[in-house]
Amino acid sequence: MNKNIWILIMGFFLFQACLDDEGNYSYSDLLPIEIDSSNIKDSYRITQLGILEIDPGVKQGEDDSNIAYEWKIFQDGNMPNAETGKVVDDVIGKERKLNYKVTTPPGEYKLTFKATDKRNGVTEVILRPIKIESFAPEGLMVMHGDSDSTDVSILVNDRIVPDVEKDEVKHNIFSITNGHRAVGAPGKLGFAYSPSSVYVYTKGNQGGCRARSSDLLLQESYADMFSEPLAQTNINFQEYTKWGYVDVLVNNGKVHTASQATTIFTKFSLPAFGIEYYAEPFLGTNERGYYWGVFYDRIGKRFLYVDNNVSPQTFLEGSGPFQMNDVGKDMVYAEHGNNKYWYCVMREPEDATKYFVFVCDLTVGSWMNSQARAKYDVSACTDLKDAQAFAVGNRSELLYYATKTEVKQCHYTESPVKSTPRYALPAALAGYEITMLHLFKRSEHNNDGKLLYIGVYNSSTGDGKLLECPIVETSGEILTDGIKTYDGFKKITHMDYKPF
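Before going into details, it helps to say that this report is about the structure given with it. Numbering of residues starts from 1 in each chain and follows the order in which that chain's sequence is written. Selection of residues for local features in this predicted model requires a pLDDT of at least 70, selection of side-chain atom pairs for listing and counting requires 80 or more, and totals for whole chains, interfaces and linings are taken over all residues. Excluding hydrogens and water, the side-chain values take into account all heavy atoms of the structure.

### Some thoughts on the overall build of the protein
Just so we agree on the cut-off: Note on conventions: DSSP H or I runs of at least 4 residues are helices, E runs of at least 2 residues are strands, and numbering of each starts at the N terminus. This radius of gyration counts C-alpha atoms alone. The globule rule is 2.2 Å times how many residues there are, raised to the power 0.38. Per-residue accessibility, obtained with a 1.4 Å probe over protein chains only, is compared with the maximum for each type, and a residue is labelled buried under 20%, exposed over 50%, and partly exposed between these values. The contact definition used throughout considers only heavy atoms, calling two residues in contact when any of these lie within 4.5 Å. For accessible areas, the Shrake-Rupley method is used with a probe of radius 1.4 Å. Any residue's cover is judged against the shown protein chains and nothing else. As used throughout, the charge tally considers Lys and Arg to be positive and Asp and Glu to be negative, leaving His and the chain termini uncounted. One atom stands in for each charge, and that atom is NZ of Lys, CZ of Arg, CG of Asp or CD of Glu.
On a plain count of helices and strands, the protein comes out with 2 helices and 36 strands. In terms of C-alpha radius of gyration, the protein reaches 31 Å, well past the compact-globule figure of 23 Å for 500 residues. Each principal axis of the C-alpha distribution contributes one length, and for the protein these read about 125 × 55 × 40 Å. A burial count over the protein gives 50% of its 500 residues as buried. Considering only residue pairs separated by 6 or more positions, the protein has 53% of its internal contacts joining residues 24 or more positions apart. Split by element, the accessible area of the protein, about 23600 Å² in all, is 49% carbon and sulfur. Taking the 51 positively charged and 66 negatively charged side chains of the protein as two groups, their mean positions are separated by 3 Å.

### Overview of the layout of surface pockets
Selection rule: The rule is simple: put a 1 Å grid over the protein atoms alone, call a set of points where a 1.4 Å probe fits but cannot get out a cavity, call an open set with protein on both sides within 12 Å along at least five of seven lines a pocket, and count a residue as lining if it has an atom within 4 Å of a point. Grid points are joined across faces, edges and corners, and a volume is the space filled by probe spheres set on the points. Amino acids are sorted into nonpolar (Ala, Val, Leu, Ile, Met, Phe, Trp, Tyr, Cys and Pro), charged (Asp, Glu, Lys and Arg) and polar (every other residue, Gly among them).
The space that makes up the second largest pocket amounts to roughly 560 Å³. Around the second largest pocket sit 24 residues that line it, and E133, S134, P137, E138 and F500 are the ones nearest its centre. Of all the secondary-structure elements, those providing two or more residues to the lining of the second largest pocket are β2 (44–47), β9 (123–133) and β12 (168–170). At 3 residues, β9 tops the list of elements feeding residues into the lining of the second largest pocket. Taken together, the residues that form the lining of the second largest pocket break down as 9 nonpolar, 7 polar and 8 charged.

### A word on the sheet that holds strand β23 (residues 312–314)
In a beta sheet, neighbouring strands are held together by backbone hydrogen bonds and run either parallel or antiparallel to one another. To be explicit about the condition: Pairing between two strands is assigned when DSSP locates at least 2 bridges connecting them. Note on definitions: angles span 0 to 180 degrees between N-to-C directions of axes, and those axes are lines fitted to C-alpha atoms, for helices only across the stretch in contact.
Pairing within the open sheet is antiparallel, and its 3 strands lie in the order β21-β22-β23. Bordering the open sheet on either side are β21 (294–297) and β23, each of which pairs with just one other strand. Direction aside, neighbouring strands of the sheet carry axes that sit 45° apart on average.

### Here's the deal with a nonpolar patch on the surface
Cut-off, in case you're wondering: Two distance rules govern patches: like charges are joined within 9 Å, and nonpolar side chains (Val, Leu, Ile, Met, Phe, Trp, Tyr) within 5 Å, applied only to residues with over 30% relative accessible area and no salt bridge. One speaks of a salt bridge when a side-chain nitrogen belonging to Lys or Arg is within 4 Å of a carboxyl oxygen belonging to Asp or Glu.
Side chains of Y193, Y245 and F500 sit close together on the surface and give an oily, nonpolar patch of about 330 Å² of accessible area. Mapped onto the fold, Y245 is located in the loop between β18 (237–243) and β19 (246–251). The partly exposed category is assigned to Y245, whose relative accessible area is 48%.

### Things to note about the environment of D487
Inspection of the secondary structure puts D487 in strand β35 (residues 484–489). The class of D487 is partly exposed, set by a relative accessible area of 41%. For the pair D487 and V456, spaced 31 residues apart in sequence, the C-alpha to C-alpha distance is 10 Å. Aside from chain neighbours lying at most four places away, what touches D487 is H171, G464 and K465.

### Comments concerning the pairing of strand β17 (residues 218–221)
Examined bridge by bridge, strand β16 (residues 208–212) and β17 share 3 bridges and lie antiparallel to one another. What sits directly across from C209, in β17, is S221. Counting the residues between successive antiparallel strands, the hairpin from β16 to β17 contains 5 residues, one of them, L216, with a positive phi of roughly 65°.

### With respect to the sheet that holds β9
The strand order β2-β9-β8-β5-β6 describes an open sheet built from 5 strands, whose pairing is mixed. At either margin of the open sheet sits one strand with a lone partner, and together these are β2 and β6 (89–93). Direction aside, the axes of adjacent strands within the sheet are offset by 30° on average. Where strand β5 (residues 67–74) and strand β8 (residues 107–117) come together, 8 bridges link them in antiparallel fashion. Each residue of the ladder has a partner; that of A68, found in β8, is T116.

### Overview of the side chain of E70
Mapped onto the elements of the fold, E70 is located in strand β5. The buried category is assigned to E70, whose relative accessible area is 18%. With near-sequence residues (within four places) excluded, E70 lies in contact with V91, G93, K94, T112, F113 and K114.

### Looking at the packing of aromatic side chains
Heads up, the rule is: To pair, rings of Phe, Tyr and Trp, with the six-membered ring standing in for Trp, must have centres within 6.5 Å; the planes then decide the type, stacked if under 30 degrees apart, edge-to-face if over 60, and tilted in the middle. Either the NZ atom of lysine or the CZ atom of arginine qualifies as a charge over a ring when it sits within 6 Å of the ring centre and within 35 degrees of the ring normal.
Under the counting rule described, the total for this entry stands at 28 aromatic pairs. Judged by centre distance (5.7 Å) and plane angle (40°), the rings of F226 and F268 are tilted. Placement of the pair is F226 in the loop between β17 and β18 and F268 in the loop between β20 (254–259) and β21, with a sequence separation of 42 residues. Neither residue differs from the other here; F226 and F268 are each classed as buried. Directly above the aromatic system of F265 lies the positively charged group of R210, at a separation of 4.3 Å from the ring centroid.

### Describing unusual backbone geometry
Here S415 and P416 are connected by a cis peptide whose omega angle stands at 0°. For P416, the position within the fold is in the loop between β30 (406–411) and β31 (418–424). We note that L49 has phi near 70°; this positive angle belongs to a residue other than glycine. Within the fold, L49 resides in the loop between β2 and β3 (51–54). Judged by relative accessible area, L49 falls into the partly exposed class, the value being 28%. At D383, a position not held by glycine, the phi torsion is positive, near 65°. Locating D383 in the fold gives a position in the loop between β27 (372–377) and β28 (389–392).

Just geometry here; none of it tells us what the structure is for.
Structure follows, in structure tokens:
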């Protein structure tokens, strides 16, 4: 009995000593932290560069001065973000009230709010899903500008992006993000998947830049996009295209390539060399990977392809409707279309009234002659010599061309060949001229090949407009009753689809 009493007495003194030890706390000191989540939504959805404000209530008994706060955005998996090449795990705030200008790249993440007692580590956490959308949203990018500056806007509607409820243009995204327009007259746009980027190419001695896909923030100048940076005197952007992860570019008549198969931007190669050539500003691609692009040589007036060693090569001779390596014409325009063939509008050098359409099948191997698919004399089409823009269909043998005020269709496969007027600028657009044609092409999209976009510009006022025209993809008829007009542009030169 006495032994048990002594054990109880010793236990009492030990317990009292623990209470007197400054490095330990009684249960009464471990006060719970209470977070009032009534001001915290179940989930969040916000656009980049928007302000994320959350004001939760937090208390711990009568005194909350010992509480530390942390807001964090993180992703579940360990796959690096396609745009930054890094796993997102970012602390975005250290105050109870969050006020965060969203710079996190687009994606679906988790948002946590953690309140911690700095004395003893007692913690309370709230977790919510958050989706961050691009400041530069999915849609059709529109390049427009004047003689010395360029901007990029994006058209969004449910004819382009399924399931969206808006029908609008998000104007001048490039200049809003960067604080200035791109230097130089507008040239061409290009979206690249890996790393997720937008090429903003301009005319002049700057050449444009590579921008971040999510908000068009400038990443590299044009000169720095090459393995050997270009001197300003050698900058002369002329053409860009892509297939898969391969970028192909024409600068000052020379072809450069880059394989973007990593999350880190790969710079463009030295110019393709081995034979003398001057590349016209049009590029064809080969989806089977036998070579890295096809171009037309202004000097030799022939088609050449760039092999996987970045060297230009001649095609083999054969019995097709024309010889790929001996064409003898001037190239006016070229674009991929129906059956993924490359449709090339050509002109007789000595006779500006003689026009042809050359059809190249670039889906076959480079050692075969079946690239020369067909050749049509289209000289009977009216006003071809005055054409300022072209567009090639991908659902039928469809070729549009535009004079200053009218869009016509060239029926090159018919006999006799003829042209049909399809659309003339109305009186409401007096003073405007057509500057661009773009046919919407998006594989497996409901409107693939069914929307023709017409850019018009009034040089006196500096005002540009974009016309969205539904068409019959088989016949080429433009359904004028369904045309929609978008304002707020300068001179429009090019469009490209941005998938995210």
